[in-house]
Amino acid sequence: QVSLVESGGGLVQAGTSLRLSCAASGFTFSTYYMGWFRQAPGKEREFVGVITWIDGSTTYADSVKGRFTISRDNAKNTVYLQMNSLKPEDTAVYYCAADRSGYGLRNRNTYEYWGQGTQVTVSS
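**A few points about the overall build of the protein**
No. 1: Looking only at helices and strands, the protein features zero helices and eleven strands.
No. 2: Each helix and strand of the protein, placed in order from N terminus to C terminus, yields the pattern β-β-β-β-β-β-β-β-β-β-β.
No. 3: Relative to the globule expectation of 14 Å for 124 residues, the C-alpha radius of gyration of the protein, 13 Å, shows essentially globular dimensions.
No. 4: For the protein, the spread of C-alpha atoms along the principal axes amounts to about 40 × 25 × 25 Å.
No. 5: Looking at the protein as a whole, 43% of its 124 residues qualify as buried.
No. 6: Excluding contacts between residues fewer than 6 apart, the proportion of contacts in the protein whose partners are at least 24 apart in sequence is 58%.

See the structure below:
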């Protein structure tokens, strides 16, 4: 049974940092692209970033580039999202997702598996 479980969300002040984790099970994590998305109230779910399984390279949305970093630990079947210099506009539910194909990784419809999400709230 496939499972993606995010953790690490919370309420923080602007300018601070937070690290989210996503623990995966039920599939071959080491051969999947792992993405992070977020959804703010009243908005569509948007791409945050993705890490490949091939060489660990990463791609980010412009809104988070230079502030957020995705990493993965294949031994622990876990992907991380390190968020620095947080802004109130980063407030959202953050989701991790898994994809095997590697095509259209900025598109949420590409991903096979999703976690339940974790809330991040950034106060000003």
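**Side note on the state of the cysteines**
Among covalent bonds in proteins, the disulfide is the one between the sulfur atoms of two cysteines.
No. 1: Under the criterion given, the structure shown has one disulfide.
No. 2: In this model, Cys22 is linked to Cys96 through a disulfide, with the two sulfur atoms separated by 1.9 Å. Its S-S torsion of approximately 50° makes the covalent link between Cys22 and Cys96 right-handed. Here Cys96 lies in strand S9 (residues 92–99) and Cys22 lies in strand S3 (residues 18–25), a separation of 74 residues in the sequence.
No. 3: Given the relative accessible area of 0%, Cys96 is considered buried.

**As for the nonpolar core**
No. 1: Membership of the largest hydrophobic core comes to 36 residues, with the highest contact counts inside it found for Trp36, Leu81, Met83 and Tyr94.
No. 2: Looking at this core element by element, the count peaks at five residues for S9.
No. 3: Beyond its immediate sequence surroundings of up to four residues, Tyr94 is in contact with Glu6, Leu20, Phe37, Arg38, Val48, Phe68, Leu81, Met83, Gly117, Thr118 and Val120.

Calculation notes
- Residues numbered from 1 in each chain as written.
- Predicted model: local features only at pLDDT ≥ 70, side-chain atom pairs only at ≥ 80, totals over all residues.
- Heavy atoms only, no water.
- Helix = DSSP H or I, 4+ residues; strand = E, 2+ residues; numbered from the N terminus.
- Rg over C-alpha atoms; globule rule 2.2 N^0.38 Å.
- Buried < 20%, exposed > 50% of the residue type's maximum accessible area, 1.4 Å probe, protein only.
- Contact = heavy atoms within 4.5 Å.
- Disulfide = S-S within 2.5 Å.
- Core = buried A, V, L, I, M, F, W, Y, C linked by side-chain atoms within 4.5 Å.

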